[in-house]
There are 2 protein chains.
Amino acid sequence: MSLGEFDLIERFFWRPAGVGPHRAVVGNGDDCAVIAPTPGMQLAVSTDTLVEGRHFLSTVDPARLGHKALAVNLSDLAACGARPVAFTLALTLPRVDEAWLAGFASGLLALADAHECELIGGDTTAGPLAIGITVMGEVPAGQALLRSRAQAGDDLWVSGTPGEARLALEAFRGSLRPPLSGEAFEAVRARMECPTPRVALGLAVQGLAHAAIDVSDGLLGDLGHILRRSRVGAAVFVDALPVSPWLAGRPRDEQLDCVLAGGDDYELLLAVPPEHRARMAALSGELGLPLTRIGRLEAEPGLRLWTGALDAGAGAPAPQPMPHRWASFDHFKS
Amino acid sequence: MSLGEFDLIERFFWRPAGVGPHRAVVGNGDDCAVIAPTPGMQLAVSTDTLVEGRHFLSTVDPARLGHKALAVNLSDLAACGARPVAFTLALTLPRVDEAWLAGFASGLLALADAHECELIGGDTTAGPLAIGITVMGEVPAGQALLRSRAQAGDDLWVSGTPGEARLALEAFRGSLRPPLSGEAFEAVRARMECPTPRVALGLAVQGLAHAAIDVSDGLLGDLGHILRRSRVGAAVFVDALPVSPWLAGRPRDEQLDCVLAGGDDYELLLAVPPEHRARMAALSGELGLPLTRIGRLEAEPGLRLWTGALDAGAGAPAPQPMPHRWASFDHFKS
């Protein structure tokens, strides 16, 4: 790292002692940062890079981009049930734009502070805009939530109202008929540009959930990872899916496209044994976050979509298999 | 991460159980990898990105590039006295070139295996070639080697024969008169493209060295970091500097340029109290690595270069201050 590069990180990202979280015993500016693991805890590590034009639009507000770059990494910790500790930042910049850097740092560090997650190392290089973050968190030994421990019979839950980020992307692409209102556009745009990592939920479902994943590539695609890793199948009841108020008035096909295949929401998808239904409902209230039961895991491999009620009682119409393109994802089969 | 990207990492970089080191309790392919810290150890973390055209030439052999990308990060662990444990890889690629990926992975993983450092997470994106690595190592609690604990009176030691990587760079630039022989060029080119991180040395000087840094930006520039952080000055004896056999026949000015200001060698610069001189000499033999005493730290701020003998006895000519451009680095003064 050249002196100039070091100065850049130091100037825009390091804070004096007493400002922001301080989890490191040896701070930045040495060859390594050093953190002291809490006894009995294991370290969860994840890494994600955002590249301009591929993961974000060049016009995005830099503060929102700073937020999102860390949020997508915190979301991976959330999906493991890990508490954030620290992160490193590798920034590739086409030029030194001080206003942009100040904005980016403000969004990044505000989210870092909110989760007491310390920036412990950084590296800046010249090149096309890209942001690489490696995040570290702690989880009690043996308690990490995995993709591979879901069981047939588990309920399938999803947090929040997935699909809003995809709705925003389609609005940017100009593909929505009718177009969104200005108010709806700003709301879903904020969800796409400024996602909320479900860290508190990930921590709260330790001991409840058998498996978890964050919805970054789309609900069905990410569910597929759980199915393959856990060697189970799933029934998803489309009429039970949570529908964002911004999607409520849209065509049904568009709703399902957004909810089932839209990525970038960073909600959590959870496999939870049925005996914890009441606890999950209570948790929703405690966290102020919708938690919706959308289906169940089954022993038969593959993914099946159904219309009708998830818990159809006697006399209610029986659920019907849904002939839908989402049901034909062969690569879900284990 | 899209499925395609995941496949790319899985195909070229993940190994089956039993091949390569396995330090993670939860492997790659989940939202996070999970590693179990050894009780009593702290975690040293460093991150470095290599960008094509800036940190390496586009013509470099991909296996050497894979080696170097990890080596520069392991070198940071070495400078902290930390034992490598695991690393993450963020790869930005202009295209999927299978031969290139196979070569890159072979060089990267061979060095990882040699240091029992496991690849625990990865992310691939499309874009101009860049390699971002975050490495984690372990160091006994409170024992990390820092830049800030050097003391006046400490000897200044350097490992190996710094300056060879710079000689190679100048050869690539065509600036050497006379040019290097073919044999010399291949030798110094290997040093530039395939540096050896001094991990064993970093571990061995725990309890001996007060401070350490790896020479990535040039010996005097990196010494400056120790001087500023430790609030001391230094006297460096240029006639005591180790001179590579490939530099031995070169003009003296070129030798000093390469040794004092050449970066990219990844040797270690160490501040060690004089009572450990015999131990350092023995260590050199044990490690098969030259360790050379090149000066001392002094209470007076600033950096002074001297000609003459480092330990001039009675009757020997007194050392003379060296009027040299390297002596005028004002930013070394604390």
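Anything mentioned here points back to the structure above.
Summary of the structure given here. (Residues numbered from 1 in each chain as written. Chains lettered and ligands numbered in written order. Predicted model: local features only at pLDDT ≥ 70, side-chain atom pairs only at ≥ 80, totals over all residues. Heavy atoms only, no water.)

Remarks on the relation of the copies chain B and chain A
Then, in step 1: When chain B is fitted onto chain A, the two copies agree to an RMSD of 0.0 Å after a turn of 180° and an axial shift of 0.0 Å. Taken together, the rotation angle and the small translation identify this as a two-fold axis.
Then, in step 2: Here 100% of the interface residues in chain B have copies in chain A that are interface residues too; the copies meet face to matching face. (Least-squares fit on C-alpha atoms with pLDDT ≥ 70 in both. Contact = heavy atoms within 4.5 Å.)

Brief notes about the sheet that holds strand E11 (residues 291–298) of chain A
Residues and elements named next belong to chain A.
Then, in step 1: The strand order across the open sheet built from seven strands is E8-E10-E7-E11-E9-E12-E13, with neighbouring strands paired in mixed fashion. Two strands bound the open sheet, and with one partner strand each, they are strand E8 (211–215) and strand E13 (320–321).
Then, in step 2: Here five bridges tie E8 to strand E10 (residues 267–272), and the two strands are oriented antiparallel to one another. Within E10, the residue paired with Val215 across the bridge is Glu267. (Pairing = 2+ DSSP bridges. Helix = DSSP H or I, 4+ residues; strand = E, 2+ residues; numbered from the N terminus.)

Some remarks on helix H7 (residues 219–230) of chain A
Residue and element names in this part refer to chain A.
Then, in step 1: An ideal rise of 1.5 Å per residue puts 16 Å on 12 residues; H7 measures up with 16 Å between its terminal C-alpha atoms.
Then, in step 2: Across the 12 residues of H7, nine count as buried, placing the element largely inside the fold.
Then, in step 3: When we look at burial in H7, the residues that qualify are Leu219, Leu220, Asp222, Leu223, Gly224, His225, Ile226, Leu227 and Ser230.
Then, in step 4: Just past H7, the residue Arg231 takes up positive phi, approximately 55°. (Expected span 1.5 Å × (residues − 1). Buried < 20%, exposed > 50% of the residue type's maximum accessible area, 1.4 Å probe, protein only.)

Quick look at the pairing of strand E7 (residues 155–159) of chain B
All names here are of chain B.
Then, in step 1: Across the five residues that make up E7, a large majority, five, are buried.
Then, in step 2: Of the two faces of E7, both are covered, the one formed by Asp155, Trp157 and Ser159 as well as the one formed by Leu156 and Val158.
Then, in step 3: Two elements, E7 and strand E10 (residues 267–272), share four bridges in a ladder whose sense is antiparallel. From the neighbouring strand, Trp157 faces E10, where its bridge partner is Leu270.
Then, in step 4: With five bridges joining them, E7 and strand E11 (residues 291–298) adopt antiparallel strand pairing. Its bridge partner being in E11, Val158 is matched across the sheet by Thr292.

Notes on the interface of chain B and chain A
Then, in step 1: Between chain B and chain A, the residue contacts involve 59 residues of the former and 59 residues of the latter.
Then, in step 2: Buried surface at the junction of chain B and chain A, summed over both partners, amounts to about 4300 Å²; 55% is from carbon and sulfur atoms.
Then, in step 3: Inspection of the chain B/chain A interface yields zero salt bridges.
Then, in step 4: Viewed at the interface, chain A and chain B are joined by nine residue pairs in polar contact (both at pLDDT 80 or more).
Then, in step 5: Of the residues forming the side of chain B that touches chain A, the biggest block, 10 residues, is contributed by strand E3 (residues 41–51) of chain B.
Then, in step 6: Looking at chain direction, strand E2 (residues 33–35) of chain A and E3(B) are connected through three bridges and run antiparallel. When the bridges of E3(B) are listed, Ala33(A) appears paired with Val45(B). (Buried area = accessible area lost by both parts, 1.4 Å probe. Salt bridge = Lys/Arg side-chain N within 4 Å of Asp/Glu carboxyl O. Polar contact = N/O pair within 3.5 Å; in protein donor to acceptor, adjacent residues only side chain to side chain.)

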